[in-house]
Amino acid sequence: MKARRLLMRTVPAAIALCVALTVAPAMAADDLRQDALDTMKRATRFMVEKVANRGGYVWSYLPDMSRRWGEMEATETMAWVQPPGTATMGHLFLDAYHATGDEYYYQAAQQAAGALIEGQHSSGGWNYLIDFAGEESLHRWYETIGRNAWRLEEFQHYSDSATFDDAGTAEASQFLLRLYMEKQDERYRPALEKAIRFVLDSQYPMGGWPQRFPLQDDYSAHITFNDDVAAENIKFLILCWQALGDKRVLDPIRRAMDSFVVTQLPDPQPGWALQYTTDLKPAGARTYEPNSLVTHTTAANIGQLMNFYELTGDAKYLEPIPAALNWLDRVRLPDDRIKDGRTHPTFIEIGTDRPLYVHRRGSNVVNGAYYVDYDPANTIIHYSGTRAIDTAGLHARYERLKAVPPQEAARNSPLRAEGPVALPVYFTLDPVEVSDLNSNAPQERGEAPPETELRGLIGGLNAEGWWPTPLRATSNPYAGPGSPTPAPGDYATTRVGDHTDTSPYLTDAPAIGISTGTYIQNMAALIRHVGRP
């Protein structure tokens, strides 16, 4: 009887233990999810209620808000459009709304949209930045901080136009489209329509786009592939077709895709340049972007042509690829000159296939200058002279696509859909392509963070509601125009010149501050955990 009584006592205890072991992980998972939701909300409240300026954001801030930066130092009346800025934040808020159903995030997205609409250029696009204090304040910034940024030539003078550079206009347009489609709120349709018209009006008849519009009397009027100008505009127009069924965009999409074909140079140099004149001649851009063929642009355009085949099933988009791939193979660096996986020179001289390398002399924007030669030593570091190009991956993808029948290749294309196609649920779970120079590399799309990392993110949010980030990127405060006489020292391979150069640079003694990029990346990781596709 003693043994039986012991068994009867032990079985219920064992059952209870099994139930506890089963329930405990579920409870722990629920607790972790709630902690993640609470962290998301606290971090967002801080950004929306303490950091935002009329719904707009820059890239990074000192904790006391005494200094702040986009790609360059900004004033307290500014917001940044260039990613990862205000539109990226708007996308993130919508992603959080989709993951949680919490209206607070939708309202935060609306505030970001309000900032973008207030700063929308009359033409319908956006500049790199918005100054809510008005034109006089913006001109003053360009005449001081902007003008003295030696290596950031696009900021050295004010231009009454909008830009496609760095996907600022494209991302803002995509965000407005997405916000409009969320609840069909007609408040956002006029600004969205202006953005669509801007993309359509600025397109050249041959299908490409300038970097800036209305057209300026400089390199920005050239047909531009640099920084995915054409690719981002095509993406936006396809989203418009997908969501709105707007037939106006179909011919522009086709002409834009064809522009990749007609701008390829013929043999023996079947690559692409950063920019082209309107008569389709390769052209230079900034003074450290010489007139040349460009290997990373060529690789990007090969990838886009394969995308176009999957969108259309038209084999004409595959035809230029073999020659371009062979050319990339020919201009690859010798094995003994490949460092850190950088396989190709950035710039290739037209007519010779010789690598071109960019150097600089002087110490600031007044006395300094960039120049080009064939010497790979002591090149500028803010625009790499070599690139890591996965030609093997491009070859393999081409071989796979070549074996796919046209109808099968385009089977899931939104251009072939008979009716509206839903927009993606999430936009910011992909890596942020344009870093704020301070945030770490994000995870790949769809990759839920392990529990230890998730708990680290939750625990890393400070009491005020932000993730402390070393602000590696900083800049010299404006100190007046540079001297015509070079300062002592060698600035050939530095990111910044003398003390009058307002260009951003990386410091060895970073201050701890608030990073928009860190917020976006950490929120994306939390969304991966709590979200429901």
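Caption draft 1: Up close: the overall build of the protein chain. A tally of regular secondary structure across the protein chain gives 14 helices and 18 strands. With the C-alpha coordinates of the protein chain rotated into their principal frame, the extents come out at 100 × 60 × 55 Å. Looking at the 533 residues of the protein chain, the share that counts as buried comes to 54%. Summarising the internal contacts of the protein chain: among those between residues at least 6 apart in sequence, 73% fall at separations of at least 24. Of note, the protein chain has its 50 positive side-chain charges centred 7 Å away from the centre of its 66 negative side-chain charges.

Caption draft 2: Structural context of the packing of helix α3 (residues 103–119) against helix α5 (residues 168–183). Taken N-terminus to C-terminus, the directions of α3 and α5 make an angle of 135°; their axes are 11 Å apart at the nearest point. If you check the angle between α3 and α5, you find them oblique. Handedness of the α3/α5 crossing: left-handed. Contact residues: α3 offers Glu103, Tyr106, Ala109, Gln110, Ala112, Ala113, Leu116 and Ile117, while α5 offers Ala172, Phe175, Leu176, Leu179, Glu182 and Lys183. Residues belonging to the contact of α3 with α5 are distributed by class as follows: ten nonpolar, one polar and three charged.

Caption draft 3: Looking closely at the side chain of glutamate 73. Mapped onto the fold, glutamate 73 is located in strand β3 (residues 73–74). Engagement of the side chain of glutamate 73 in a polar contact is seen with the side chain of arginine 67, the distance being 2.7 Å. In this structure glutamate 73 touches Arg67, Arg68, Trp141, Ile145, Ser475, Asn476 and Pro477, once residues within four positions along its chain are discounted.

Caption draft 4: Representation of empty space enclosed by the protein in the model. What the rule picks out here adds up to four cavities of 30 Å³ or more. The computed volume of the largest cavity comes to approximately 110 Å³. In terms of lining residues, the largest cavity is bounded by 13 residues, among which Glu154, His157, Arg212, Asp218 and Tyr219 are the most central. Of the residues in the lining of the largest cavity, the class split is three nonpolar, six polar and four charged. Volume-wise, the second largest cavity comes out at about 50 Å³. Of the residues assigned to the lining of the second largest cavity, the class counts are five nonpolar, three polar and no charged.

Caption draft 5: Quick peek at the sheet that holds strand β9 (residues 275–276). Taken in spatial order, the three strands of this open sheet run β8-β9-β10, and their pairing is antiparallel. One side of each edge strand has no neighbouring strand; the edge strands of this open sheet are β8 (223–224) and β10 (282–283). Inspection of the sheet shows β8 paired to β9 by two bridges, in the antiparallel sense. Bridge assignment links threonine 224 to a residue of β9, and that residue is glutamine 275.

Caption draft 6: Summary view of the confidence of the model for the protein chain. Summary statistics for the protein chain give a mean pLDDT of 93 and a share of 92% for residues scoring 70 or more. When the criterion is pLDDT under 50, residues 1–23 qualifies, and its contacts beyond four places in sequence or with other chains add up to two contacts.

Caption draft 7: Representation of the layout of surface pockets. Considered as a void within the structure, the second largest pocket measures approximately 330 Å³ in volume. Surrounding the second largest pocket, 16 residues form its lining, Arg337, Lys339, Pro376, Thr379 and Thr386 being those nearest its centre. Classifying every residue of the lining of the second largest pocket gives six nonpolar, five polar and five charged.

Caption draft 8: Looking closely at the sheet that holds β3. Taken in spatial order, the five strands make up an open sheet running β3-β2-β1-β18-β17, and their pairing is antiparallel. The outermost strands of the open sheet, each flanked by one partner alone, are β3 and β17 (469–474). Relative to strand β18 (residues 505–515), strand β1 (residues 60–61) runs antiparallel, the two sharing two bridges. For serine 60, the partnering residue across the bridge sits in β18 and is serine 515. Docked against the sheet, helix α14 (residues 516–530) engages β1, β17 and β18, running at close to 60° with respect to β18.

Caption draft 9: Molecular detail of the packing of aromatic side chains. Scanning all chains against the criterion turns up 20 aromatic pairs. An aromatic cluster is defined as three or more aromatic residues linked by ring pairs; in this entry it consists of Trp80, Tyr128, Trp141, Tyr142, Phe155 and Tyr158. The ring of tyrosine 374 has arginine 354 lying over it, and the distance from NZ or CZ to the ring centre is 3.5 Å.

Caption draft 10: Region of interest: the pairing of strand β14 (residues 355–361). Of all seven residues that make up β14, five are buried, and the element is covered over most of its length. The pairing of strand β13 (residues 347–348) with β14 spans two bridges and is classified as antiparallel. Paired with isoleucine 348 across the bridge in β14 is proline 355. Here β13 folds back onto β14 in antiparallel fashion, the turn holding six residues, of which glycine 351 has a positive phi close to 100°.

Caption draft 11: Structural detail: the pattern of salt bridges. Summed over the entire model, instances satisfying the criterion amount to 22 salt bridges. In this structure, aspartate 102 and lysine 41 form a salt bridge, with 2.8 Å as the shortest nitrogen-oxygen distance. Highlighted residues: aspartate 102 in the loop between α2 (86–100) and α3 and lysine 41 in helix α1 (residues 2–51), separated in sequence by 61 residues. When its relative accessible area of 21% is taken as the criterion, lysine 41 is described as partly exposed. A salt bridge links glutamate 193 to arginine 248; the shortest N-O distance between them is 2.8 Å. Taken together, the residues glutamate 193 in helix α6 (residues 189–202) and arginine 248 in the loop between α7 (229–244) and α8 (250–262) connect sequence positions 55 residues apart. A residue is classified by how much of its surface remains accessible, and glutamate 193, at 25% relative accessible area, is partly exposed. A cluster of three or more residues bridged by salt bridges with shared partners is formed by Glu154, Arg286 and Glu289.

Reading the values: rules and limits
- Residues numbered from 1 in each chain as written.
- Predicted model: local features only at pLDDT ≥ 70, side-chain atom pairs only at ≥ 80, totals over all residues.
- Heavy atoms only, no water.
- Helix = DSSP H or I, 4+ residues; strand = E, 2+ residues; numbered from the N terminus.
- Buried < 20%, exposed > 50% of the residue type's maximum accessible area, 1.4 Å probe, protein only.
- Contact = heavy atoms within 4.5 Å.
- Lys, Arg positive; Asp, Glu negative; His and termini not counted.
- Charge placed at Lys NZ, Arg CZ, Asp CG, Glu CD.
- Axes fitted to C-alpha atoms, helices over the stretch in contact; angles between N-to-C directions.
- Parallel < 35°, antiparallel > 145°, perpendicular 65-115°, else oblique.
- Left-handed = near helix turned anticlockwise from the far one by under 90°.
- Nonpolar A, V, L, I, M, F, W, Y, C, P; charged D, E, K, R; others polar.
- Polar contact = N/O pair within 3.5 Å; in protein donor to acceptor, adjacent residues only side chain to side chain.
- 1 Å grid on protein atoms, 1.4 Å probe; cavity = no way out; pocket = protein on both sides within 12 Å on 5 of 7 lines; lining within 4 Å.
- Points joined across faces, edges and corners; volume = space filled by probe spheres on them.
- Pairing = 2+ DSSP bridges.
- pLDDT = per-residue confidence, 0-100.
- Phe/Tyr/Trp six-rings, centres within 6.5 Å; stacked < 30°, edge-to-face > 60°.
- Lys NZ or Arg CZ within 6 Å of the ring centre and 35° of its normal.
- Salt bridge = Lys/Arg side-chain N within 4 Å of Asp/Glu carboxyl O.

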